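Structural overview
Each chain, letter by letter, is given below.
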Amino acid sequence: MLMIWVLPFRSEAATKSVAGTWKKDSKGWYYQFKDGSGKAKSEYIKGRWVNAKGYWEKKWDGKWCHNAKGWWFQAGSWYPKKKWVTIDRKTYYFNASGYMVTNQWIGRRYVNKDGVWTKTRAGKLVEPKTSQLKKPTYPAGSPAKKWGALQVKGTKLVNSAGTAVQLKGVSTFGIIWDEGRYNINLDGFKTVKSWGANAIRLAVYTEEYGGYCVDWDSVKTSELNKTIANAVSYATKLGMYVIIDWHILNDGNPNTHIKEAKQFFADMSYKYGKYTNVLYEICNEPNNTDWASVKSYADTIIPIIRENDSDAIILVGTPTWSQDVDLVAKNPVKKTKNVMYVLHFYASTHGDNIRSKLKTALKNGTPVFVSEFSICAADGNGSIDYTSAAAWKKLINSNKVSYIGWSLSNKNETSALIKNSCSKHSGWKDSDLTETGKYLKKWIQGK
Ligand code: IDC
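A short tour of the structure in this document, coming up. Given the structure is predicted, the values throughout are model-derived calculations rather than measurements.

The next thing to look at is the overall build of the protein chain. Of regular secondary structure, the protein chain possesses eleven helices and 21 strands. Dimensions of the protein chain, computed from the C-alpha atoms along their principal axes, are close to 75 × 45 × 45 Å. Looking at the protein chain as a whole, 55% of its 447 residues are labelled buried. Put simply, 66% of the contacts in the protein chain that link residues at least 6 apart link residues at least 24 apart. In the structure as shown, the protein chain presents an accessible area of about 19,700 Å², 51% of it carried by carbon and sulfur atoms.

Printed below as a string of structure tokens:
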């Protein structure tokens with residue numbers, strides 16, 4: 001970038017907002033703001049770079065520059081590219097050529113006509129504190145501690161060391177629905193972990209009652225966000241993996257609510273980008289739509305997640321209520337890294353024909369994750385088919401496919417894991433579990 005003119009850049013406003021004093025201690029110069037917000041950190045103050053430890057690092061001193069193409073920020077021979085930089089307490093984004101961008105969304109943040117970050121996509125979300133965005137620590141011996149960041153290798157889910165692993169666990173009921181919401185608590189998850197489960201799935205319905213995309217009001221949305229945040233924190237405390245499931249169903253085509261999905265996954269990945277125990281499931285069960293539409297949706301959502309989280313496992317639903325995993329191999333998503341495709345089954349309804357879809361997919365190199373199943377009929381009710389369930393169990397275990405049982409509720413339906421008569425929200429004994437609950441527990445226990 002030649003032709004450098006140095007111009008005063010919003011200097012008056014800057015002076016006001018950065019009012020403070022340079023001070024020195026044994027480690028060097030630091031900057032104390034006057035407004036009570038403490039010391040500067042990882043930001044430019046009046047041309048001086050204050051590093052992550054809060055001290056001035058002279059070698060990165062910089063200044064605003066301008067040419068016919070626009071503004072950039074020059075620090076010695078370096079200038080930020082594809083980067084957010086906070087300069088005099090305002091946050092700017094510099095594109096791949098190093099120019100400041102204006103009037104657009106960059107991931108979840110909007111920069112205004114002056115290039116200043118002014119809002120987030122979900123205005124209602126409180127910006128998480130920096131401390132919340134840090135990589136959490138997991139308890140010694142827990143699955144998340146032992147296995148670390150999961151990856152996909154061939155058709156297999158593997159741990160950070162490259163060894164094949166199997167996630168197994170339970171799905172919550174709709175997280176805002178009464179028959180299940182109270183089971184989302186630390187002790188409830190602990191009970192499930194005591195069975196040998198290493199994963200919890202959070203069913204965030206989109207269009208059904210209380211869903212993320214209907215009856216949109218700030219109270220409900222913040223309630224959903226709070227529940228997700230709590231649930232992730234319980235799983236994290238226990239060192240369990242946790243799947244954030246955008247539970248489309250009625251809506252059929254995931255593109256119906258793609259606008260909300262973009263916001264949702266930008267926010268979730270921003271919050272949990274450093275959580276190696278968080279997985280994203282981007283569309284529970286596409287139906288009455290085709291793979292091309294689902295793929296186009298996935299090709300939009302995956303890059304949004306990847307802006308904040310470069311390697312988390314992403315689960316992509318498939319057409320016909322997540323049965324058509326056999327269609328994927330011919331036309332997979334664009335960014336395939338650590339992506340798996342979702343198969344769901346309800347053993348009384350789905351037999352050999354769906355099992356053969358799983359076999360075909362694996363044979364063709366498609367990684368499959370069973371993020372929801374039950375051993376009853378597809379309406380979540382009806383009778384249990386133990387023969388079909390056993391065939392599924394054998395096929396799934398022999399291929400080390402991950403499986404998550406539906407659902408941690410006490411609703412009066414066959415798929416509920418807890419008896420309708422049981423009102424406990426944790427510490428369930430075998431006598432509190434339904435036939436489905438006991439079956440899942442045994443499977444998880446390897447019996
Ligand atoms: C079901 C619940 C049921 C609720 C219904 C709402 O079990 O109590 O009334 O949703 O539509 C799925 C879906 C899952 C369904 C489940 C059983 O992913 O949301 O839950 N099922 O019908 N796919 C196949 C079966």
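This part takes up the site of the ligand. What surrounds the ligand is a group of 16 residues, the closest being Y205, H247, E285, K411 and E413. Side-chain polar atom of N284 to an oxygen atom of the ligand: 3.1 Å apart, as the coordinates give it. Here Y346 contributes a side-chain N or O atom positioned 3.2 Å from a nitrogen atom of the ligand. For the ligand, whose accessible area on its own is 510 Å², the fraction buried by protein is 80%. The residue makeup of the shell around the ligand, split by class, is seven nonpolar, three polar and six charged.

Let us look at unusual backbone geometry. Residue S407 follows W406 across a cis peptide bond; omega there is -5 degrees. Secondary-structure assignment places S407 in the loop between β21 (403–406) and α11 (435–445). One non-glycine residue with positive phi stands out, namely K46, at about 45 degrees. Within the secondary structure layout, K46 lies in the loop between β3 (43–45) and β4 (48–50). What makes K46 partly exposed here is its relative accessible area of 45%. Within the chain, W321 stands out as a residue other than glycine whose phi angle is a positive 55 degrees. Here W321 shows up in helix α8 (residues 319–322). Among the residues examined, W321 registers a relative accessible area of 39% and is labelled partly exposed.

Our focus in this paragraph is the packing of aromatic side chains. Applying the stated criterion across every chain, the model contains 34 aromatic pairs. Look at W246 and F265: their rings are 6.1 Å apart centre to centre, the planes differ by 65 degrees, and that puts the pair in the edge-to-face class. Separated by 19 residues along the polypeptide, W246 in strand β16 (residues 241–247) and F265 in helix α6 (residues 258–272) bring together distant segments of the chain. Residue classification places W246 among the buried residues on the basis of a relative accessible area of 0%. Each member of the aromatic cluster is reached from another via a ring pair, and the members are Y44, W49, W64, W71, F73, Y92 and F94. Sitting over the face of the ring of Y439, K393 holds its NZ or CZ atom 5.7 Å from the ring centroid.

Next up on the list: the nonpolar core. By size, the foremost hydrophobic cluster in this structure holds 102 residues, and its most contacted members are L202, I282 and V316. Aside from chain neighbours lying at most four places away, what touches I282 is W246, F265, Y297, A298, I301, I302, I305, I314, L315 and V316. Residues W64, F73, A75 and Y92 belong to the second largest nonpolar core, which totals twelve residues.

Our next topic: the pairing of strand β8 (residues 90–94). On any regular strand, side chains alternate: one points to one face of the sheet, the next to the other face. Burial runs high along β8: five of the five residues are buried. Burial of β8 is two-sided: the residues K90, Y92 and F94 facing one way and the residues T91 and Y93 facing the other way are all buried. Taken together, the five bridges between strand β7 (residues 83–87) and β8 define a ladder with antiparallel strand orientation. Within β8, the position partnered with K83 by the bridge is F94. Linking β7 back to β8 in an antiparallel pair, the connection comprises two residues, with D88 at a positive phi of about 45 degrees.

Next up on the list: the sheet that holds β21. With parallel pairing, the eight strands of this closed barrel are ordered in space as β14-β15-β16-β17-β18-β19-β20-β21. The mean inter-strand angle of the sheet, taken between neighbouring strand axes irrespective of direction, is 25 degrees. Of the strand pairs in this sheet, β16 and strand β17 (residues 278–281) are connected by four bridges, and their pairing is parallel. Within the sheet, the bridge partner assigned to I244 lies in β17 and is Y280. Here helix α7 (residues 291–308) sits on the sheet and contacts β16, β17, β18 (314–316) and β19 (339–346); the angle it forms with β18, its principal contact strand, is near 165 degrees.

To continue, consider the environment of S222. Note on placement: S222 falls in helix α5 (residues 218–238). By relative accessible area, S222 is classed as partly exposed at 34%. When the C-alpha positions of S222 and Y212 are compared, they lie 9.9 Å apart, and in sequence the two are ten residues distant.

It is worth spelling out the environment of T320 at this point. Note that T320 resides in helix α8. Counting along the chain gives 29 residues from T320 to W291, while the straight-line C-alpha distance between them is 9.4 Å. Discounting residues that sit within four places of it in the chain, T320 has contacts with P286 and N287.

Analysis parameters
Residues numbered from 1 in each chain as written. Predicted model: local features only at pLDDT ≥ 70, side-chain atom pairs only at ≥ 80, totals over all residues. Heavy atoms only, no water. Helix = DSSP H or I, 4+ residues; strand = E, 2+ residues; numbered from the N terminus. Buried < 20%, exposed > 50% of the residue type's maximum accessible area, 1.4 Å probe, protein only. Contact = heavy atoms within 4.5 Å. Areas by Shrake-Rupley, 256 points an atom, 1.4 Å probe, with all protein chains shown as cover. Near = heavy atom within 4 Å. Polar contact = N/O pair within 3.5 Å; in protein donor to acceptor, adjacent residues only side chain to side chain. Nonpolar A, V, L, I, M, F, W, Y, C, P; charged D, E, K, R; others polar. Phe/Tyr/Trp six-rings, centres within 6.5 Å; stacked < 30°, edge-to-face > 60°. Lys NZ or Arg CZ within 6 Å of the ring centre and 35° of its normal. Core = buried A, V, L, I, M, F, W, Y, C linked by side-chain atoms within 4.5 Å. Pairing = 2+ DSSP bridges. Axes fitted to C-alpha atoms, helices over the stretch in contact; angles between N-to-C directions.

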